[in-house]
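Chains, contacts and geometry: an overview
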Number of protein chains: 2
Amino acid sequence: MKKSEFSFIGDIATLFGTLPHHGFEPIGDDCTVVDMGADALVMTTDMLVEDVHFLRSASTAEEVGMKSLMVNISDVAAMGATPIATLLSLSLPESAQGEWSEAFMRGYYEACSKHGVALVGGDTTASRDRITINVVAIGRAPKANIKRRSAAKVDDIIAVTGKLGVSSKGLVDIMFGDLTTEAAEIHRRGNARVAEGAWLGTRSEVHAMMDISDGIASDIRHIMELSNVGAEIELNDIPTDYDIRYATTGGEDYELLLTVDPASFDTIATALAEATGTTLTAIGRITSSHELCWLQDGAPTDIDLRGFTHF
Amino acid sequence: MKKSEFSFIGDIATLFGTLPHHGFEPIGDDCTVVDMGADALVMTTDMLVEDVHFLRSASTAEEVGMKSLMVNISDVAAMGATPIATLLSLSLPESAQGEWSEAFMRGYYEACSKHGVALVGGDTTASRDRITINVVAIGRAPKANIKRRSAAKVDDIIAVTGKLGVSSKGLVDIMFGDLTTEAAEIHRRGNARVAEGAWLGTRSEVHAMMDISDGIASDIRHIMELSNVGAEIELNDIPTDYDIRYATTGGEDYELLLTVDPASFDTIATALAEATGTTLTAIGRITSSHELCWLQDGAPTDIDLRGFTHF
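Residues numbered from 1 in each chain as written. Chains lettered and ligands numbered in written order. Predicted model: local features only at pLDDT ≥ 70, side-chain atom pairs only at ≥ 80, totals over all residues.

Here we take up the overall build of chain A. From N to C terminus, chain A includes nine helices and twelve strands. Relative to a compact globule of 311 residues, whose C-alpha radius of gyration would be 19 Å, chain A shows 19 Å and is just as compact. In terms of overall dimensions, chain A has C-alpha extents of about 55 × 50 × 40 Å along its principal axes. The long-range fraction of contacts in chain A, counting pairs at least 24 apart against all pairs at least 6 apart in sequence, stands at 84%. (Helix = DSSP H or I, 4+ residues; strand = E, 2+ residues; numbered from the N terminus. Rg over C-alpha atoms; globule rule 2.2 N^0.38 Å. Contact = placed C-beta atoms within 7 Å.)

The following block contains the structure:
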């Protein structure tokens, strides 16, 4: 689906934009938001397909279970909300009924248990030959905490949590048969900055936020588009242990990408590290140019970095 | 999965029952319920898999789109709530990208538009060879309107909306190549008693309610189990134009199955018909026996009726 995925989603958003929204925010952010009074609920959904998003030969069922939850609660965290509940749909070929599905549920349970998330509904059905998993994650936060992609301001510091490129390095390791590297293990289990997202939600100096699922080269463009701004990013400042291409265009890191009031960045970074142990690194600045500009040692570079595509 | 589906779901409910629920009701009803103050939100999810729930050769993409929404908002209606929003996940093989997916979205839109339901989130991804569709439907109702499977009382009248057996007769027609019978068309498009569910939600004389997805022979047992009661059903009273097996064990009718205070049944049936044009037919009575008893002309019959299984 590649590029056409975006036009398909755009067409859908236009078509359905005319229908009543009943208090839900329209498509565009990590999650939709619905007003509950003082609090808001946020909701997101992700589908994982065998042989597209995971291989039974490369991931254990427990790992797929964990990852299915993690990628979804990562979207909730990216809104500044705390994940509270999920709905899980599974379609299982005969070969995955029994042992595989039970191990999957153990992994899913482990991840739910770690983050205090409930399973409140779902569906199980047969399929002909491949596994499909759909997870809905629901989060809750005071309305004022909700962070949107549209909230970046010119001169904001662009920052990321943790280190980038680990998951895509892990995917490459797996493709070369190295299933047990540290990066491969992180790729298989997924990551979700649950505590960090909820903490950053409480800080009004944090403006736009999203999770990094396709690499910052692709993901920053969502913030640029919805906030109607540009961005410059210093390649030397991107926190990574791997090649810059993994760190900028590699998918599935599930770190948080956010923009912060420049006067408050140091305070926020220090306080986040104290509260959660997680580093926040400044990698660039929001501009008024509407362009994405990559810098190397402060000077523009014409390096060609594109976002990761899953298929 | 057949019988084992129930034990798998039971195991999941037990495993996850120990986690905090954050105000959500646990698994067991048509929808989960979350408290929003005066109102409640209800949520449900269903997954439709190509060659299990639909055939591309027997249903148009528009029909699959319509049915995907209908089966989900039927669960919302069964709680006495009004469907307001949905999340849609699609995994599409290359052969369904483009024309098929666009026609699917037109059908989905038509059904959403008919019932004033928004599309507020979703996911699209590739798949290797078959289509999988996951829909989440969200409804809203005053808390007092929510109807649960656990609320049936001894001596309640058991009643159903509309006529039963149409959809399964349509499925059999399709299996024999008769794609254009009235029953086949109803099977392909699905049904949802949206106005009826919301109206019945407002009536305190209506106790338990659910939608009929697997046939009353199977579905009444969910009410019996959760309400800790029995039931007797008079076969002659079941409203149908087809063989009694379609009407009792045929799947996907998506009519409503409810229990009503016996003193109020006539009033409710008359008022429902006036409000929505839909008939409500008394087919039996809730008993204290914990058994399901089929009657023919008032006398017990040992007819062997089992619920429909989708696979």
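Let's pick the thread back up.
The subject of this paragraph is the interface of chain A and chain B. Every contact between the two is made by 56 residues of chain A and, on the other side, 57 residues of chain B. For the side of chain A that touches chain B, the secondary structure elements donating two or more residues are helix 1 (2-16), strand 2 (39-49), strand 3 (82-92), helix 3 (99-115), strand 4 (118-126) and strand 5 (132-142) of chain A. With nine residues, the single largest contributor to the side of chain A that touches chain B is strand 4 of chain A.

Superposition record for chain A on chain B: RMSD 0.0 Å, screw rotation 180°, translation along axis 0.0 Å. On this basis, the relationship between the two copies can be described by a two-fold rotation axis. Closest approach to the rotation axis among the C-alpha atoms of chain A is made by Met36(A), whose C-alpha sits 2.9 Å away. Of the interface residues in chain A, 100% have counterparts in chain B that sit at the interface too, so the contact is made through matching surfaces. (Least-squares fit on C-alpha atoms with pLDDT ≥ 70 in both.)

Time to look at the environment of Asp30(A). Residue and element names in this part refer to chain A. Assignment of secondary structure puts aspartate 30 in the loop between helix 1 and strand 1 (32-35). Note: C-alpha distance between aspartate 30 and methionine 210 (180 residues apart in sequence) is 6.5 Å. Once you skip the residues sitting within four places of it in the chain, aspartate 30 turns out to touch Thr44, Asp75, Ala78, Met79, Met210 and Asp211.

Residues and elements named next belong to chain B. The element strand 3 (residues 82-92) is largely enclosed, with a buried count of eleven among its eleven residues. As defined by bridge partners, strand 3 adjoins strand 5 (residues 132-142) across nine bridges and the pair is classed as antiparallel. Directly across from alanine 85, in strand 5, lies its bridge partner isoleucine 138. Alignment of strand 3 against strand 4 (residues 118-126), held across eight bridges, turns out to be parallel. Bridge pairing links threonine 86 to leucine 119 in strand 4. Since strand 3 and strand 4 lie parallel, the crossover through helix 3 (residues 99-115) that links them has a hand, and here it is right-handed. (Buried ≥ 20, exposed ≤ 12 C-beta atoms within 10 Å, placed from the backbone. Pairing = 2+ DSSP bridges. Right-handed = clockwise from strand over helix to strand, strands pointing away.)

What follows covers the environment of Glu50(B). Residues and elements named next belong to chain B. Relative to the assigned elements, glutamate 50 resides in the loop between strand 2 (39-49) and helix 2 (61-77). Linking glutamate 50 and valine 64, residues 14 residues apart in sequence, is a C-alpha distance of 9.8 Å. Contact partners of glutamate 50, with chain neighbours within four places excluded, come to Arg56, Arg130 and Ile131.

Turning our attention to helix 6 (residues 194-201) of chain A. Counted residue by residue, helix 6 of chain A has seven buried out of eight residues, so it is predominantly covered. Burial in helix 6 of chain A covers these residues: Val194(A), Glu196(A), Gly197(A), Ala198(A), Trp199(A), Leu200(A) and Gly201(A).

Residue and element names in this part refer to chain A. Within the open sheet, the five strands sit side by side as 1-2-5-3-4. Their pairing is mixed. Strands with a single pairing partner mark the edges of an open sheet, and in this sheet they are strand 1 and strand 4. Averaged over all pairs of adjacent strands, the angle between their axes in this sheet comes to 15°, without regard to strand direction. Relative to strand 5, strand 2 is paired through eleven bridges, and the arrangement is antiparallel. Bridged to valine 49 within strand 5 is threonine 132. (Axes fitted to C-alpha atoms, helices over the stretch in contact; angles between N-to-C directions.)

We now examine the confidence of the model for chain A. Residues with a pLDDT of 70 or more make up 96% of chain A, whose mean pLDDT is 92. Our summary of model confidence lists the complex with pTM equal to 0.91 and ipTM equal to 0.89. (pLDDT = per-residue confidence, 0-100.)

As a rule of thumb, soluble globular proteins bury nonpolar side chains together. Within the largest apolar cluster, 178 residues are counted, with the highest numbers of intra-cluster contacts made by Val42(A) and Val42(B). Setting aside chain neighbours within four positions, we find Val42(A) in contact with Cys31(A), Thr32(A), Val33(A), Val76(A), Met79(A), Ala81(A), Gly139(A) and Ile146(A). (Core = buried A, V, L, I, M, F, W, Y, C linked by C-beta atoms within 7 Å.)

Another aspect to go through is the pairing of strand 8 (residues 230-234) of chain B. Residues and elements named next belong to chain B. Burial of strand 8 is one-sided: the residues Ala231 and Ile233 facing one way are buried, the residues Gly230, Glu232 and Glu234 facing the other way are not. Two elements, strand 8 and strand 11 (residues 292-296), share four bridges in a ladder whose sense is parallel. Within strand 11, the residue paired with alanine 231 across the bridge is leucine 292.

With that settled, the discussion passes to unusual backbone geometry. Despite not being glycine, Asn228(A) shows a phi value in the positive range, around 60°. Within the secondary structure layout, Asn228(A) lies in the loop between helix 7 (216-227) and strand 8 (230-234). The backbone phi angle of Tyr254(B) is positive, close to 55°, even though this residue is not glycine. Mapping Tyr254(B) onto the fold places it in the loop between helix 8 (244-249) and strand 9 (256-260). Its 25 C-beta neighbours within 10 Å are what place Tyr254(B) among the buried residues.

Residues and elements named next belong to chain B. Their axes nearest at 6 Å, the elements helix 2 and helix 3 cross at an angle of 40°. On the basis of their axis angle, the class for helix 2 and helix 3 is oblique. For the crossing formed where helix 2 meets helix 3, the hand is right-handed. Only Trp100, Ala103, Phe104, Met105, Arg106, Gly107, Tyr108, Glu110, Ala111, Cys112 and His115 of helix 3 make contact with helix 2, whose side of the interface consists of Ala61, Glu62, Glu63, Val64, Gly65, Met66, Ser68, Leu69, Met70 and Ile73. Of the residues in the contact of helix 2 with helix 3, the class split is 13 nonpolar, four polar and four charged. (Parallel < 35°, antiparallel > 145°, perpendicular 65-115°, else oblique. Left-handed = near helix turned anticlockwise from the far one by under 90°. Nonpolar A, V, L, I, M, F, W, Y, C, P; charged D, E, K, R; others polar.)

What follows deals with the domain arrangement of chain A. Residue and element names in this part refer to chain A. Segmentation of chain A into domains returns domain 1 (18-145) and domain 2 (149-300). Each side of the interface is counted separately: domain 1 has 22 residues, and domain 2 has 22 residues. Elements with a minimum of two residues in the side of domain 1 that touches domain 2: helix 2 (61-77) and strand 3. At nine residues, the largest contribution of residues to the side of domain 1 that touches domain 2 is made by helix 2. Taken together, the residues that form the side of domain 1 that touches domain 2 break down as ten nonpolar, seven polar and five charged. (Domains from an automatic or database assignment.)

The next subject is helix 9 (residues 265-276) of chain A. Here helix 9 of chain A is twelve residues long and its end C-alpha atoms lie 16 Å apart, about the 16 Å a rise of 1.5 Å per residue gives. Gly277(A), located one to two residues past helix 9 of chain A, shows a positive phi value of around 80°. (Expected span 1.5 Å × (residues − 1).)

In a beta sheet, neighbouring strands pair by backbone hydrogen bonds and run either parallel or antiparallel. All names here are of chain A. Read from one edge to the other, the open sheet built from seven strands follows the order 7-9-6-10-8-11-12, with strand pairing classed as mixed. Since the sheet does not close on itself, it has two edges, and those belong to strand 7 (206-211) and strand 12 (299-300), each with one partner. Two elements, strand 8 and strand 10 (residues 280-287), share four bridges in a ladder whose sense is antiparallel. If you follow glutamate 232 over to strand 10, its bridge partner there is arginine 285. Across the face of the sheet, helix 7 comes into contact with strand 6 (157-161), strand 7, strand 8, strand 9 (256-260) and strand 11 (292-296) while running at roughly 135° to strand 7.

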